[in-house]
Amino acid sequence: AQGIIEQIQLHPYARDLLADAVPEVTMLAIDPGTGLLVKMRADGICDGHDLILDLKTAQDASYESFAKNAGKFRYHLQAALYRWVYRLVCERTPGFLHIVVETEPPYAVAVYDLDEEAVKAGEQRMRVGLNRWAECQRTGVWTSYPREIVSLSLPRWAL
């Protein structure tokens, strides 16, 4: 943990962003479209700059690796939700940055800003998810996996 802190302090943007941030900010908002109460908890908010910070640890903070993980773990969906809740609460549109720190020495640090295509995809997925959640609450039916028996094939590598 000490090595991670030291490397963040050596990164000019990460250091300054985190120094200006209010840590662990929770915001709640009602979705006007569904009436759902939605919550977000940001790692940090630079309030004077309308900027949400999300601190991530990763084995590899390189552009290629983090882009892959951002898609796999749907970080664009998280960013869309946090920005949307912030906009509802503060009536301003914030930026959103990922500060990524590697978990092994030398604890490399990178700061990423999602591009417009990722932001739009996250917003679309967020809306679909909120609508689905509202429908499940309304009907009491929580869809997940198929209710019928499904034939399962092993991946090629396992055969």
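Our structure's up above, just so we're on the same page.
Thresholds, definitions, all that
- Residues numbered from 1 in each chain as written.
- Predicted model: local features only at pLDDT ≥ 70, side-chain atom pairs only at ≥ 80, totals over all residues.
- Heavy atoms only, no water.
- Phe/Tyr/Trp six-rings, centres within 6.5 Å; stacked < 30°, edge-to-face > 60°.
- Helix = DSSP H or I, 4+ residues; strand = E, 2+ residues; numbered from the N terminus.
- Lys NZ or Arg CZ within 6 Å of the ring centre and 35° of its normal.
- Axes fitted to C-alpha atoms, helices over the stretch in contact; angles between N-to-C directions.
- Parallel < 35°, antiparallel > 145°, perpendicular 65-115°, else oblique.
- Contact = heavy atoms within 4.5 Å.
- Nonpolar A, V, L, I, M, F, W, Y, C, P; charged D, E, K, R; others polar.
- Pairing = 2+ DSSP bridges.
- Expected span 1.5 Å × (residues − 1).
- Polar contact = N/O pair within 3.5 Å; in protein donor to acceptor, adjacent residues only side chain to side chain.
- Buried < 20%, exposed > 50% of the residue type's maximum accessible area, 1.4 Å probe, protein only.

Participant: Now, about the packing of aromatic side chains: what can you tell me, with residues and values included?
Facilitator: The description of an aromatic ring pair rests on the distance of the ring centres and on the angle between the ring planes. According to the stated counting rule, one finds 5 aromatic pairs in the structure shown. With 6.2 Å between their ring centres and 70° between their planes, Tyr 63 and Tyr 112 make a pair best called edge-to-face. Within this pair, whereas Tyr 63 is found in helix α3 (residues 63-72), its partner Tyr 112 is found in strand β5 (residues 109-113), the two being separated by 49 residues in sequence. Among the aromatic side chains, those forming a connected cluster through ring pairs are Tyr 63, Phe 66, Phe 73, Tyr 75 and Tyr 112. Here Lys 56 stacks its cationic end above the ring of Tyr 75, 4.3 Å away from the centre of that ring.

Participant: If you had to explain the packing of helix α4 (residues 75-90) against helix α5 (residues 116-139) to someone new, which residues and values would you point to?
Facilitator: Across the interface, α4 lies against α5 with an axial gap of 8 Å and an inter-helix angle of 75°. Compared by their axis directions, α4 and α5 come out roughly perpendicular. Contacts from His 76, Leu 77, Ala 80, Leu 81, Arg 83, Trp 84 and Arg 87 of α4 reach α5 at Ala 118, Val 119, Ala 121, Gly 122, Glu 123, Arg 125, Met 126, Arg 127 and Leu 130. Residues of the contact of α4 with α5, tallied by class, amount to 9 nonpolar, 2 polar and 5 charged.

Participant: Can you break down the sheet that holds strand β2 (residues 37-46) residue by residue, with the values?
Facilitator: Within a beta sheet, neighbouring strands are joined by backbone hydrogen bonds and run either parallel or antiparallel to one another. In space, the 5 strands of this open sheet follow the order β1-β2-β3-β4-β5, with mixed pairing throughout. Each having just a single partner strand, β1 (22-30) and β5 make up the two edges of the open sheet. Sheet twist, expressed as the average angle between the axes of neighbouring strands with direction ignored, equals 40°. Inspection of the sheet shows β2 paired to strand β3 (residues 51-58) by 3 bridges, in the antiparallel sense. Bridging from a neighbouring strand, Ile 45 pairs with Ile 52 of β3.

Participant: Residue-level account of α5, with values.
Facilitator: Its 24 residues give α5 an end-to-end C-alpha distance of 35 Å, which sits within 8% of 34 Å, the value for a rise of 1.5 Å per residue. Against the buried residues of α5 lie β2 and α4. Where α5 begins, the side chain of Asp 115 points an oxygen toward the backbone nitrogen of Glu 117, at a separation of 3.3 Å. Following α5 by one or two positions, Gly 140 adopts a phi angle in the positive range, close to 80°.

Participant: Describe in detail unusual backbone geometry, supporting the description with residues and values.
Facilitator: Residue Pro 106 follows Pro 105 across a cis peptide bond; omega there is 15°. Tracing the backbone through its elements, the reader meets Pro 106 in the loop between β4 (95-102) and β5. Look at Asp 50: it is not a glycine, yet its phi comes out positive at around 50°. One non-glycine residue, Arg 74, lies in positive phi territory at about 60°. Tracing the backbone through its elements, the reader meets Arg 74 in the loop between α3 and α4. Relative accessible area serves as the criterion here: at 42%, Arg 74 is assigned to the partly exposed category.

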